Amino acid sequence: MNKKRTELNRPKFTKKYTLPFILITLAVILSLSLGTVSAADWTVGPGGTYNYTSIQDAIDNESTISGDTISVYDNGGTPYTYNENIVVNKANLTVQSTGQVTVSGSSNPANPVFTVNNQGAYANIIGFILSGATNSAGVLVTGTNDVTLTNLTINNCQQGVMMTGTNTNITVDSANINSPNAQGVYLGGYGDYNKNILIENVNITNSGATAIFKGGEAALEHITIRNTQITNPQGNGIYLTNHIYWHQLIDVIIDGVTITGAQSDGIYVNMESRDDSYDVTINNTTVNGSTGNGATILGRRNINITNNNHSFKNNTGWGLYLIGYNNPTLNLNNNTIENNGNGLWLQAINGGNFHDNQLINNTGDDLYATGDTSNTFTRLLVGLAHPTLMTFDYVNGIIMNGVENAPTDPAGWLNIGKYVDLMSQGSTVVNHLWVYYNPADVVGKNETGLKICHYTGGAWSELPQPNGVNTTERYVYADGINSFSTFAPLAEKLSTTLELPDVTGYRNEQKEISATLKDANGNGVANQDRKSV
């Protein structure tokens, strides 16, 4: 009986526990038989053996899927133009030129030549010449993410590249944007939001309006403009603002940019309106020949303007115009501001870090600081005819200029070629003024007699103590200056006595006598300017 039950139960036991095993095995076999689908490379050309003759047809065909590449050919090595307005509406497509390929939107100039919409995320558009969208953009990126535009030449469109809607991670790399009717790159209008934008290795020439533009009604977060040249824009070179309260501007980096001939400010960045707008960096950048200011920055939190040698020059307005909000941290180091209408404007900047800057030959004021509490300039160079390197700190604002036409030296003193003009903003005090010199500046002069003097009312006078010279580190100093005019280190000529040795001899006998000039301390004096004996 027991054996029979066992035999009767065995089939139930086997059926119950082997069915899942069978199903899993079938699934594995089915998976292996299907394999994986690799990305395809579709070709577009003007006939012959190409898959398509139209770029849009290649995109729209149901066989084209995410990850595919569409390679567009010229006419056997000669230039070829495709007359299309193209919409990239599938994700992760690469559309690339192979050869000398132009895409013209002239048959429908009110539409962009290329549009990448919300279905075209992760698109790569590479190597085309785009033209003909005289009432629209060469490329419109709208409501999408992770789009890269590489090595494009965009000619005579309304905008070169336009971004509308909400876009994230958009790169424009190695593009030439020539003579757009309006902006070279348009970064949004009312209600648009762009984040993580990179504009790199781009040339924008002869734009009909501002070259790179974000209006106050658009939001922009994290933009880098790098290694880019902007030439002759009929507006600003770069204009980024949030003057409408509810749209922020966050983290602007301008690095290695050259702007020439802007018909307004070369760079205009305005973070005034919102507390959550902050951080601007300008590095290795040149702005030359703007009809407005070289750069206008209304900044919050962190302002870094560094390593811009020969940077803000030949601009009609101020070379650099800075206004701080909520007491930002400012680093202004290694900049040259020269040959502008005025040099450096500082407003509401306190405790800034100013090192190794040059303010040279600006027509108006080299430095105008107002609305600040205190700042220190370290190794600031001013003056063209009389280059003067100095360190100073002040409170309650200051106006400063280099001196090109120096007053005549006072009797009994000699200049060492260093001058600066300081003016008060009402209650200004210069706590410390150091003027540096080189060994060549004091050859033949009384180095230990150097003092800071000031010229006022047509006469020179020595500043009160503390006032002297550090001959080890080679600077002349004065403290607590609250009377303002032209200042200069002057070396007092030595007062000397002629010391003759005792000599004996006969009448009419000739003797060689050595006389010694000595200063008031009895030290010998040679090869130095001195007062008349």
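If you're wondering where the values come from, they're calculated on a predicted model, not measured in any experiment.

Chemist: Could you give me a rundown of the overall build of the protein chain, with the residues and numbers involved?
Modeler: Scanning the protein chain from N- to C-terminus turns up two helices and 46 strands. The long-range fraction of contacts in the protein chain, counting pairs at least 24 apart against all pairs at least 6 apart in sequence, stands at 66%. Element-wise, carbon and sulfur atoms account for 47% of the exposed surface of the protein chain, whose accessible area totals about 24,000 Å².

Chemist: Could you give an account of the packing of aromatic side chains, naming the residues involved and the relevant values?
Modeler: Under the definition given, this model contains 18 aromatic pairs. Plain terms: the ring middles of Phe 377 and Phe 392 are 5.3 Å apart, the flat faces sit at 10 degrees to each other, and that makes the pair stacked. Of this pair, Phe 377 sits in strand β34 (residues 374-382) while Phe 392 sits in strand β35 (residues 388-395), placing them 15 residues apart in sequence. Aromatic rings pair up to connect Tyr 186, Phe 213, Tyr 239 and Tyr 268 into one cluster. Taking NZ or CZ as reference, Arg 301 lies 3.7 Å from the ring centre of Tyr 278, over its face.

Chemist: Summarise the pairing of strand β33 (residues 367-370); cite the residues concerned and give the values.
Modeler: With burial as the criterion, only one face of β33 is covered, namely that bearing Leu 367 and Ala 369; the residues Tyr 368 and Thr 370 on the opposite face remain uncovered. Across four bridges, the pairing between strand β30 (residues 342-347) and β33 is parallel. Within β33, the position partnered with Trp 345 by the bridge is Tyr 368. With three bridges connecting them, β33 and strand β36 (residues 398-402) associate as antiparallel partners. Bridge pairing links Tyr 368 to Ile 399 in β36.

Chemist: Break down the nonpolar core for me, citing the residues and quoting the values.
Modeler: Note that soluble globular proteins tend to have their nonpolar side chains buried in a common cluster. Ile 55, Phe 114, Phe 128, Leu 344, Leu 346, Phe 392 and Met 400 are the most contacted members of the largest nonpolar core, which has 105 residues in total. The residues contacting Leu 344, other than those within four sequence positions of it, are Trp 318, Leu 320, Leu 322, Leu 332, Ile 337, Leu 359, Asp 366, Leu 367, Tyr 368 and Phe 377. Core analysis: the second largest hydrophobic core is formed by seven residues, Val 403, Trp 413, Tyr 419 and Ala 488 among them.

Chemist: How would you explain the side chain of Thr 391 if you had to name every residue and give the values?
Modeler: Along the chain, Thr 391 falls in strand β35. The class of Thr 391 is buried, set by a relative accessible area of 13%. Within polar-contact distance, the side chain of Thr 391 engages the side chain of Tyr 436 at 2.9 Å.

Chemist: With reference to specific residues and values, describe the pairing of strand β1 (residues 41-44).
Modeler: Of the strand pairs in this sheet, β1 and strand β2 (residues 69-73) are connected by four bridges, and their pairing is parallel. Directly across from Trp 42, in β2, lies its bridge partner Ile 70.

Chemist: Tell me about the pattern of salt bridges, and name the residues and values.
Modeler: Two side chains that carry opposite charge are able to pair once their charged atoms sit near each other. Per the counting criterion, the structure on display carries six salt bridges. Taking the shortest distance from any N to any O, the salt bridge between Asp 356 and Arg 379 comes out at 2.7 Å. Here the residue Asp 356 occupies a position in the loop between β31 (353-355) and β32 (358-360), and Arg 379 occupies one in strand β34, the gap between them amounting to 23 residues. One network of salt bridges, in which partners are shared, links Glu 200, Arg 226 and Asp 255.

Chemist: Got a sec to walk through the environment of Val 469? Specific residues and values, please.
Modeler: Mapping Val 469 onto the fold places it in strand β42 (residues 467-470). A relative accessible area of 19% means that Val 469 is categorised as buried. Taking the C-alpha atoms as reference, Val 469 lies 8.8 Å from Ile 452; in sequence the two are 17 residues apart. In contact with Val 469, other than residues within four places in its own chain, are Tyr 437, Glu 447, Thr 448, Leu 450, Tyr 475, Val 476 and Tyr 477.

Calculation notes
- Residues numbered from 1 in each chain as written.
- Predicted model: local features only at pLDDT ≥ 70, side-chain atom pairs only at ≥ 80, totals over all residues.
- Heavy atoms only, no water.
- Helix = DSSP H or I, 4+ residues; strand = E, 2+ residues; numbered from the N terminus.
- Contact = heavy atoms within 4.5 Å.
- Areas by Shrake-Rupley, 256 points an atom, 1.4 Å probe, with all protein chains shown as cover.
- Phe/Tyr/Trp six-rings, centres within 6.5 Å; stacked < 30°, edge-to-face > 60°.
- Lys NZ or Arg CZ within 6 Å of the ring centre and 35° of its normal.
- Buried < 20%, exposed > 50% of the residue type's maximum accessible area, 1.4 Å probe, protein only.
- Pairing = 2+ DSSP bridges.
- Core = buried A, V, L, I, M, F, W, Y, C linked by side-chain atoms within 4.5 Å.
- Polar contact = N/O pair within 3.5 Å; in protein donor to acceptor, adjacent residues only side chain to side chain.
- Salt bridge = Lys/Arg side-chain N within 4 Å of Asp/Glu carboxyl O.

The values are spatial; any link to function lies outside them.
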